[in-house]
Protein chains: 2
Amino acid sequence: MDVESLRCVVTLAEELHFGRAAQLHYVSAGHFGRRIQRVERHLGARLFDRTSRRVALTPAGERVVAHARTVLAELDELRKSAVCPGRP
Amino acid sequence: MDVESLRCVVTLAEELHFGRAAQLHYVSAGHFGRRIQRVERHLGARLFDRTSRRVALTPAGERVVAHARTVLAELDELRKSAVCPGRP
DNA sequence: GAAGGTTACGCACAACGTAAACATG
DNA sequence: CATGTTTACGTTGTGCGTAACCTTC
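Residues numbered from 1 in each chain as written. Chains lettered and ligands numbered in written order. Predicted model: local features only at pLDDT ≥ 70, side-chain atom pairs only at ≥ 80, totals over all residues. Heavy atoms only, no water.

Colleague: Can you help me understand the relation of the copies chain B and chain A in this one?
Modeller: Each of the two chain copies goes to the other by way of a rotation about an axis and a shift along it. Superposition record for chain B on chain A: RMSD 0.1 Å, screw rotation 180°, translation along axis 0.0 Å. The symmetry that links the two subunits is that of a two-fold axis. In terms of C-alpha distance to the rotation axis, chain B has D2 of chain B as its closest residue, with the C-alpha 2.1 Å off the axis. Interface residue correspondence from chain B to chain A reaches 100%, placing this contact among same-surface, isologous pairings. (Least-squares fit on C-alpha atoms with pLDDT ≥ 70 in both. Contact = heavy atoms within 4.5 Å.)

Colleague: What is the right way to look at the protein's contact with DNA strand D in this model?
Modeller: With respect to spatial proximity, 19 residues lie near DNA strand D, and among them S28, H31 and R35 of chain A together with R50 and R53 of chain B are the closest. Within 4 Å of the protein, the atoms of DNA strand D are drawn from sugar and phosphate moieties in a proportion of 72%. Here a phosphate oxygen of DNA strand D sits 3.1 Å away from a polar atom, N or O, in the main chain of F18 of chain B. Take Q37 of chain B: an N or O atom from its side chain is 2.9 Å from a phosphate oxygen of DNA strand D. Among the residues making up the surface near DNA strand D, the classes are represented as four nonpolar, nine polar and six charged. (Near = heavy atom within 4 Å. Polar contact = N/O pair within 3.5 Å; in protein donor to acceptor, adjacent residues only side chain to side chain. Nonpolar A, V, L, I, M, F, W, Y, C, P; charged D, E, K, R; others polar.)

Colleague: Just to check I follow, could you spell out the protein's contact with DNA strand C for this structure?
Modeller: Taken together, 18 residues lie around DNA strand C, and Q37 and R50 of chain A together with S28, H31 and T51 of chain B are the ones closest in. Near the protein, meaning within 4 Å, the atoms of DNA strand C are sugar or phosphate in a fraction of 80%, with bases accounting for the rest. At 2.9 Å from a phosphate oxygen of DNA strand C is found a side-chain nitrogen or oxygen belonging to Q37 of chain A. Side-chain polar atom of R53 of chain A to a base nitrogen of DNA strand C: 3.4 Å apart, as the coordinates give it. Elements with a minimum of two residues in the surface near DNA strand C: α2 (18-24) and α3 (29-43) of chain A together with α3 (29-43) of chain B. Of the residues in the surface near DNA strand C, the class split is four nonpolar, eight polar and six charged. (Helix = DSSP H or I, 4+ residues; strand = E, 2+ residues; numbered from the N terminus.)

Colleague: I tried to follow the pattern of salt bridges on my own but got confused; where do I start?
Modeller: Opposite charge on two side chains permits them to pair, given that their charged atoms come into close proximity. Tallied over the full model, the rule gives 14 salt bridges over all chains. Ionic pairing is found between R50 of chain A and E40 of chain A, a salt bridge with its closest N-O pair at 2.9 Å. Within this pair, whereas R50 of chain A is found in strand β1 (residues 48-50), its partner E40 of chain A is found in helix α3, the two being separated by 10 residues in sequence. The class of R50 of chain A is partly exposed, set by a relative accessible area of 25%. E15 of chain B is the salt-bridge partner of R20 of chain B, the closest N and O atoms lying 3.2 Å from each other. (Salt bridge = Lys/Arg side-chain N within 4 Å of Asp/Glu carboxyl O. Buried < 20%, exposed > 50% of the residue type's maximum accessible area, 1.4 Å probe, protein only.)

Colleague: Any chance you could explain the packing of aromatic side chains here in plain terms?
Modeller: For any two aromatic rings, the description comes down to two numbers: the centre-to-centre distance and the angle of the planes. All names here are of chain A. By the definition in use, this model includes two aromatic pairs over all chains. Taking the centre distance of 6.1 Å and the plane angle of 90° together, the rings of F18 and F32 count as edge-to-face. Taken together, the residues span a long stretch of sequence, with F18 in helix α2 and F32 in helix α3 at a distance of 14 residues. Neither F18 nor F32 differs from the other in exposure class; each is buried. (Phe/Tyr/Trp six-rings, centres within 6.5 Å; stacked < 30°, edge-to-face > 60°.)

Rendered as structure tokens:
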């Protein structure tokens with residue numbers, strides 16, 4: 001799994017709209033949908049209910065998004081720890 | 001950045017040997033080295049000192065590996081939360 | 001019938017293995 | 001000179017955009 005896909009899931013959870021979420025990631029809507037599908041298949045659980053007019057988080061989706069935020073925040077710490085020379 | 005590369009960094013930190021670490025990930029040693037290089041370039045910091053006979057973690061490498069373990073553990077929680085139906 | 005999500009197709013880039021080159025003890 | 005890491009090169013797979021298709025209000 002790649003981190004960018006996790007970011008896509010979080011963004012879609014915030015926007016609840018594939019088109020806007022895709023624009024925020026500078027990718028086409030078609031590809032964005034495939035990314036979400038891949039994450040869902042990879043995890044073996046549906047994260048979003050989309051009725052072609054309405055996008056909503058499933059219970060599993062809510063749990064995954066919460067964890068995804070934690071992961072992304074920790075990755076941010078990781079990047080910072082790589083550059084900072086120790087502890088000034 | 002992809003998660004598999006993070007796992008490679010952690011494995012190399014444990015083995016301190018490119019060949020063995022690569023085998024543990026079922027990839028060639030050549031490709032494994034490129035993965036590590038990419039992570040280092042991506043983070044803008046050298047994580048391992050290799051003198052072609054000795055592999056050792058740099059201070060930045062130690063910090064990054066510690067964070068990487070946290071990220072991977074959190075990702076494990078994420079996967080579990082996706083399948084578990086809620087809380088019986 | 002218009003807006004929004006999905007599927008099909010094609011191109012381009014990046015992952016990967018093999019093997020040769022280079023470095024160190 | 002033997003062990004171990006890096007680089008070069010060719011092949012294969014996958015990411016990605018475009019556009020057509022399906023569904024709902």
